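Residues per chain, in single letters:
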Amino acid sequence: MENHMSMTMLTVFQIIGVSAAYFGVTLALPWILLGGKFAQLRTAARFMACFVTGNFFCMNLVFLLQLLHISNRFTLVAGTLAPFIAVAVRRRQACLSALEKGLRSLRVVSEGEMGVKTLMLRTGRRMRKMSSGWLGEWLSSRWPDVLLTLGILGMLLYIYGGNAVNVYGYCSSDMVLHNYWINYMDQNRIFVDGVYPFGFHCIIYYLHEVFSVPVYVLLRVFALPQTLMIHMALFAFLKLVCKSRYTPYVGLTAYIMWGILYQYTYYRYYAPLPQEYGMMFVLPAVYFAIAFLQKKDILSGDGKKKKTAKDARLLLLLFAASVSLTLTVHFYDTIMAGLLCGGIAVGFCFRCFRWRYLRRLVLAGVTGILIAVLPMAAAYAMGTPLQGSLHWGMNMISAGGEDKEDSGENAQKEENKSPGKTEAGVSWKSLGTKLDHVLGEMQYYVTNDSRAAAEFMLGSVGVLLALGMLWYILRRPDYGAVLVSVGVFMGIASILQASAKLGLPQLMEVSRYSVYIGYGLPIVWSLCADAAVYLLFRERKGIHIGGLVMLGAACAVVLLTGLRKPVCISAYESNGAVTCVTNILRENPKGATWTICSSNDERQMIWGEGYHYEMIQFLRNLQKIGEGVSVTIPTDTVYFFIEKVPLLYLDYMNTIRPEKKVSLKGAATELPKSGGILPYIEEERWVTMSHMYYWARAFQELYPNEMEVYYETDEFICYRVRQNGYKLYDFAIDYGYNK
């Protein structure tokens, strides 16, 4: 219990530290450096601009240094400080004056002309004056927003924070592979497994190298700050496109707390995965494109037109950077951003297809894609092959398209066989069948298997489109275009989710669409509420009261129809194993040699610190005892990680708790003969762990003083063996189940 509490507290501090480092580099530093450049933007847009700029800079800095093979802490810190140094040189007079003023204050204190208490008193007075001045004035009109935003953050921590601090291992099996890729970046070997969108890995490597945080710790705890930023990007977007101050909270509250969404739409947020990390850049790309199209005149000239042109160029730069980030992180995010841009083209058709708008948008988008492709193209040109996932994705798209078209043609032929139907009748029947397919897939993938919820979701998209058309008629085309753009995108995404049944090309795994559809639904709901409130009040003050009423109604609906409960995701590594890894890394001094014998996950976690011995290989070597084979491990200390209740490594939703314990029956079963990860999956993992457990007990009987229990819980045990490097133990003993 004490170990669990201490590990939980350590995890909390790690989350706080990693969050401070990440937000400081990607949000605070750009805000300090570029605050003046973004001054004309609204607060939410400035927030978007800063984190887009910060991530864009960090990712491309790492790419550059990695490809030049000079990436290390010194070059990364120097590269990060370079823009600040350039600004200081450019504004050296102001900087020198500020430095001189600071040194003067320090001299006054150091020479005793002013006491420390007096200095603290003056500083306190200045801070009080600041808080009662512009800060107090800013908060006086925004305190409801501040309270509601804190409420949103509280809900996010309630839903996702518990799992983050109580489950220590990786919550996705992909993490081991990502850990492996990032580890090799320490050696300036980016793309070690082939060319792949590496933006997420660049950020994790940057935090690891600059702040000395172990990679395995980052991959354990980064999910929570990543999830917070994904939702804050959604919140900022809603703040920018809604007319009422409070309607953005309608969709966001429903998305976080409503129980009608299926777990797959959000359970990937419990792990720091590249696809979800890239989601935070999709909506900034959409907003900056919309903001550019809402500029009434982008021609350069004098006065107001010149300022408009300057603002438009800034929006295009931010749009290009956002598009670049989606592809740099994950191509699925670029597909979604492309579909959203298609929706914008429909919604803003009255302006988007004007040449002076279109050519600038296309040029910015292409530039962003080229920037993202450039590092990957450079590596490919130097002989690095494509990573297997890229081949798989391209093959799935091409194969999926062919197969689905054939199935669609066959389905149409079957429909046309119905006798006695007119052509119009067949058409309506076909349309009804397709709509039923769309609703069926949404019911299965997006809702908790509720047809009514699926109909409500798809119906809300239809209502949004209708409201958008209404605002066209009411001569608010820029506002109506936003509604239509989102509605068109959600309609396309819903159709593509049913691509397997509609005979359409399959651009990605069908289940992945649900993640984006779930992310888009709060936008639909907030905009529907906002459009209704705006219709009633227009620009009058009552629009904010109407927004509060809508928020209250949404909260009531959520409470009455069922709240969502926090999901506890089972990790792919036990809490005991991570606790032991943490303690082993802390306790063993530099120069000490040690080995962990376990399943494969710890291999990447202890990269560069200790050695790893694969458990299945250890057991297979024990089977050769009759051939006179000895099994020795030439390090000062050896740790054996054994699960008494083996994990369910391939549980699809990873929420089922394992119950099957190691047993004599499992040890009597023949060892798995498969390679790779297969000996650690489901039934095979139970057999492997059973063999290991009964070997450890037999070895402890032979060497009770040397084979000590290092850590034990009801589900996990770790044994430690200390040995003389000149007289190693032979672990090859007959434990009764060697054959």
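Scroll up to find the structure.
Residues numbered from 1 in each chain as written. Predicted model: local features only at pLDDT ≥ 70, side-chain atom pairs only at ≥ 80, totals over all residues. Heavy atoms only, no water.

Colleague: So what's going on with the sheet that holds strand β5 (residues 716-722)? Residues and values would help.
Modeller: One open sheet holds the 5 strands; their spatial order is β2-β1-β3-β5-β4, and the pairing between them is mixed. Among the strands making up the open sheet, the edge pair consists of β2 (611-614) and β4 (707-712). The average angle at which neighbouring strand axes cross in this sheet is 25°, direction not considered. In the sheet, strand β1 (residues 594-598) pairs with β2 via 4 bridges, with the strands oriented parallel. The residue of β2 that forms the bridge with Ile-596 is His-612. Of the strands in this sheet, β1, β3 (637-643), β4 and β5 touch helix α29 (residues 682-702), which is tilted by about 130° from β3. (Pairing = 2+ DSSP bridges. Helix = DSSP H or I, 4+ residues; strand = E, 2+ residues; numbered from the N terminus. Axes fitted to C-alpha atoms, helices over the stretch in contact; angles between N-to-C directions. Contact = heavy atoms within 4.5 Å.)

Colleague: Please set out the pattern of salt bridges residue by residue, giving values where relevant.
Modeller: The full count for this structure, using the stated rule, is 17 salt bridges. The partner of Asp-145 in a salt bridge is Arg-245, and the shortest N-O contact between them spans 3.4 Å. You can see Asp-145 sitting in helix α6 (residues 143-166) and its partner Arg-245 sitting in the loop between α10 (223-241) and α11 (248-257), a full 100 residues away along the chain. For Arg-245, a relative accessible area of 28% gives the class partly exposed. Asp-478 is the salt-bridge partner of Arg-351, the closest N and O atoms lying 2.9 Å from each other. Here Asp-478 lies in helix α21 (residues 477-497) and Arg-351 lies in helix α16 (residues 349-352), a separation of 127 residues in the sequence. Per residue, the accessibility class of Arg-351 equals that of Asp-478, and both read buried. Taken together, the shared-partner salt bridges in this structure form one network comprising Asp-145, Lys-239 and Arg-245. (Salt bridge = Lys/Arg side-chain N within 4 Å of Asp/Glu carboxyl O. Buried < 20%, exposed > 50% of the residue type's maximum accessible area, 1.4 Å probe, protein only.)

Colleague: Give me the lowdown on the side chain of Ser-514, citing residues and values where you can.
Modeller: Note on placement: Ser-514 falls in helix α23 (residues 510-537). Residue classification places Ser-514 among the buried residues on the basis of a relative accessible area of 0%. Setting aside residues up to four positions removed in sequence, Ser-514 forms contacts with Tyr-264, Thr-265, Tyr-445, Val-446 and Gln-497.

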